[in-house]
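# Architecture at a glance
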Amino acid sequence: MPVYDRSYRRWDGTLKRRAFRAAPIVAMGVKNALATKGGWLLTLSLRGFMAASCVPTALLFLLNYLFYFRPNFLPVETFAIFDQLAPYRVIQYPALTRLNSMFLMVYAVIFGSGLIARDRASGALPLYLSRPLTLGDYVLGKLGIIGWFMAMFTLVPNLLLWLMGVLSDPADGAFTAALPHLVPIIVQNGAVVLVYSLTILAVSSICRRPMFAGLIWFSLVILLPSFTSMAGSHRGVSALAAVSINDALFSLGYHLYDIGGLFEKATSEADGAVRGNLEGVFEAVKIFASSTPLQAATSVLCWCGASLLVIVSVLRRQDVVVEAGTR
Amino acid sequence: MTATAPANDSAHDPAGAPLASSSAPVFELDSLVVRYGRNVVIPGLTCAPPAGAVGLLGPNGAGKSSLIKTILGLVKPGGGRVKVLGFEVPRHALEVRRRVGYMPESAVVFPGMTGFENVAYAGAIAGMPRGEARRRAHEVLEYVGCGEERYRQVDEYSQGMRQRIKLASALVHDPELLLLDEPTNGLDPGGRTEILELVRALGHEKGMSILLSSHLLDDVEFVCDHVLLLARGELKAAGSIAELKARVAGQHVRLTLEGDSARFLEVAREKGFEPRLPDPLDTSEWLVKLPEGAAPGAILALALANGVRVRRFVPRRASLEEVFLDTLEQAGGPR
């Protein structure tokens with residue numbers, strides 16, 4: 001029979017000094033979120049939803065494959081349409097962001113609403129802060145978890161789509177031509193990731209129950225565009241629309257990709273059938289994108305700043321993180 | 001005013017030996033002031049307890065938890081200096097936290113994880129490499145007596161299991177100083193003894209310094225060699241438990257008297273002795289507090305001089321509880 005030494009043994013290893021101290025929080029948070037918990041029905045639903053959320057990206061990949069590789073089974077006339085669409089293919093990026101944003105909102109609620117709320121409810125904050133972590137590291141860690149999910153469903157698919165285009169395009173100078181698209185892709189999707197992540201964390205920090213946090217955030221994102229649009233048109237103040245998170249983010253994309261310019265170009269240059277198809281896409285990309293670039297950028301910055309302010313001030317008021325003169 | 005942080009990367013000092021084994025104080029407080037808004041919790045505390053197992057005693061609101069939070073750098077002092085393991089706090093709070101294990105009072109664990117994940121996670125955020133943290137988590141869970149339960153979700157744990165997980169999480173990175181806030185809360189008698197024995201072994205056999213805050217004086221007496229007694233944020237007593245007990249015990253003697261002792265007791269009171277009946281039903285057994293500087297034999301001599309027969313004369317052995325109550329009484333009692 002084996003005999004095990006169960007007495008306490010000193011650890012002779014060395015503690016790492018990580019440049020990004022929040023890395024273990026992110027790694028554990030993502031792993032935990034993806035772990036199978038809560039019964040088979042819930043797991044199956046989540047997996048099903050995740051599969052469904054990949055559909056827009058998969059469809060665009062398929063379209064790009066058809067566009068670049070032109071397989072034999074396609075009718076030859078289609079190729080002529082592809083050639084006409086080529087100058088406008090940049091529109092696929094904001095379109096994909098917009099399609100994915102519907103799934104993102106659900107992901108934000110599922111994975112983000114409990115991130116701080118659960119720690120607050122269980123009082124786990126002192127456990128984090130009794131380790132070599134600052135409050136900033138804690139917030140960064142939580143931001144990293146939700147940011148990872150947000151990026152996986154907006155930034156990464158867009159970047160992969162861009163990469164596919166660059167690698168598959170047989171034209172000379174394809175890379176140079178596609179390079180300017182990288183900036184709006186990163187800026188718009190980066191803004192989506194940042195604003196969605198920070199706002200859901202802010203709501204999570206003020207609630208102790210994830211369900212309430214989810215409901216509040218969902219109402220904020222879904223109801224605000226309709227409300228601000230209505231109020232804006234009623235009062236004749238166009239800037240009011242920029243208060244809405246989604247309006248600001250979609251407007252940012254609209255201006256960054258110069259959708260208005262592309263639309264004018266399509267109106268004057270494209271054939272009737274092609275123009276008809278493009279108009280539909282342009283109109284879809286234009287919905288809830290009524291702010292000016294300045295209004296949109298200001299709104300994005302304000303949402304980020306206000307969310308950070310809420311998170312930090314709420315957490316600093318917790319019993320564990322008090323400084324002289326603050327309680 | 002600020003000390004230079006020792007430049008060592010490991011959890012131990014450069015020589016490899018844990019600091020706790022040295023005779024240097026684990027932490028030094030110099031006129032520490034802690035206040036929350038206008039409420040001053042610690043008005044100016046100065047102490048430097050030696051390495052080893054130190055008990056932190058005091059009634060509710062004495063400032064015990066605030067002191068622990070200050071040592072961890074979670075509460076910024078309103079004045080004075082705090083040095084922990086040679087590091088100035090809060091300036092080098094992160095360095096201190098790398099070397100300190102903290103077991104909070106509440107039954108709090110990282111939610112949504114298994115017991116094992118909790119401990120490994122605690123190690124990882126302390127800076128341990130992932131694989132090492134997992135290996136070490138098994139080791140400390142074994143030590144605190146967590147068997148297969150370690151793979152269950154912590155949300156399903158009993159209070160006792162949570163205490164074990166908390167202790168394992170505090171130990172996972174092998175700290176030099178272990179801060180324990182009411183570690184036996186919610187434990188059954190068997191579990192309590194088990195945990196106390198583990199903690200005692202850490203302090204006495206493994207050279208780890210321990211600061212144990214508890215309202216259970218038996219726990220402190222079992223684990224610690226030294227105590228700090230706080231009341232209203234002020235240090236009312238500090239020293240080794242044996243010394244403190246001897247000091248209180250040396251002030252009292254138990255006398256069993258025979259015959260009419262009324263006259264003798266009157267004279268004794270006049271001379272500054274304080275006799276009282278511990279048991280009102282037994283009028284022969286007296287507990288006499290000696291005046292400052294008087295030898296225990298003085299009361300015996302007085303009894304003989306007054307013709308009273310003393311059947312039993314026992315200098316009293318004090319418990320930590322008596323030290324605690326006596327000190328608080330001298331300090332004007334708990335608020």
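All figures in this text were calculated on a predicted structure; none of them were measured in a lab. (Residues numbered from 1 in each chain as written. Chains lettered and ligands numbered in written order. Predicted model: local features only at pLDDT ≥ 70, side-chain atom pairs only at ≥ 80, totals over all residues. Heavy atoms only, no water.)

Turning to the sheet that holds strand β1 (residues 27–36) of chain B, a few remarks are in order. Residues and elements named next belong to chain B. In spatial order, the strands read β2-β1-β4-β5; together these four strands make up an open sheet with antiparallel pairing. Lying at the two open borders of the sheet, with one neighbouring strand each, are β2 (39–47) and β5 (87–89). For this sheet, the mean inter-axis angle between neighbouring strands, taken without regard to orientation, is 30°. As judged from the five bridges shared by β1 and strand β4 (residues 79–84), these two strands associate in the antiparallel manner. Its bridge partner being in β4, Glu28 is matched across the sheet by Lys83. (Pairing = 2+ DSSP bridges. Helix = DSSP H or I, 4+ residues; strand = E, 2+ residues; numbered from the N terminus. Axes fitted to C-alpha atoms, helices over the stretch in contact; angles between N-to-C directions.)

What follows deals with the side chain of Gln92(A). Mapping Gln92(A) onto the fold places it in helix α5 (residues 92–112). Once you skip the residues sitting within four places of it in the chain, Gln92(A) turns out to touch Leu60(A), Asn64(A) and Leu161(A). (Contact = heavy atoms within 4.5 Å.)

Do not read the predicted coordinates in detail wherever pLDDT is low. For chain A, per-residue confidence averages 87 on the pLDDT scale, and residues scoring 70 or more make up 93% of the total. Counting contacts from residues 320–327 of chain A, a segment whose pLDDT is below 50, to residues more than four positions away or on other chains yields 26 contacts. (pLDDT = per-residue confidence, 0-100.)

Residues and elements named next belong to chain B. Their axes nearest at 10 Å, the elements helix α9 (residues 262–270) and helix α10 (residues 297–305) cross at an angle of 135°. On the basis of their axis angle, the class for α9 and α10 is oblique. Seen from above, α9 lies across α10 with right-handed handedness. Of the residues in α10, those touching α9 at Phe264, Val267 and Ala268 are Ile299, Leu302 and Ala303. Its residues assigned to classes, the contact of α9 with α10 comprises six nonpolar, no polar and no charged. (Parallel < 35°, antiparallel > 145°, perpendicular 65-115°, else oblique. Left-handed = near helix turned anticlockwise from the far one by under 90°. Nonpolar A, V, L, I, M, F, W, Y, C, P; charged D, E, K, R; others polar.)

Look at any regular strand and the pattern is simple: side chains alternate between the two faces of the sheet. All names here are of chain B. Summarising burial for strand β8 (residues 209–213): five of the five residues are buried, a large majority. Burial of the side chains of β8 extends over both faces: Ser209, Leu211 and Ser213 are buried on one face and Ile210 and Leu212 on the other. Note that strand β3 (residues 53–57) and β8 share four bridges and pair parallel. Bridging from a neighbouring strand, Val54 pairs with Leu211 of β8. Bridge count for strand β7 (residues 177–181) against β8 is five bridges, and the pairing is parallel. By the bridge assignment, Asp181 is partnered in β8 with Ser213. (Buried < 20%, exposed > 50% of the residue type's maximum accessible area, 1.4 Å probe, protein only.)

Time to look at the sheet that holds β8(B). Residues and elements named next belong to chain B. The six strands lie next to each other as β6-β7-β8-β3-β9-β10, forming an open sheet whose pairing is mixed. A single partner strand is all that each edge strand has here, and the edge strands are β6 (100–103) and β10 (234–240). Looking at each pair of strands side by side, their axes are set apart by 15° on average, direction ignored. As paired elements, β6 and β7 share four bridges and run parallel to each other. Within β7, the residue paired with Met103 across the bridge is Leu180. The sheet strands contacting helix α5 (residues 159–171) are β6 and β7, and the helix crosses β6 at an angle near 165°.

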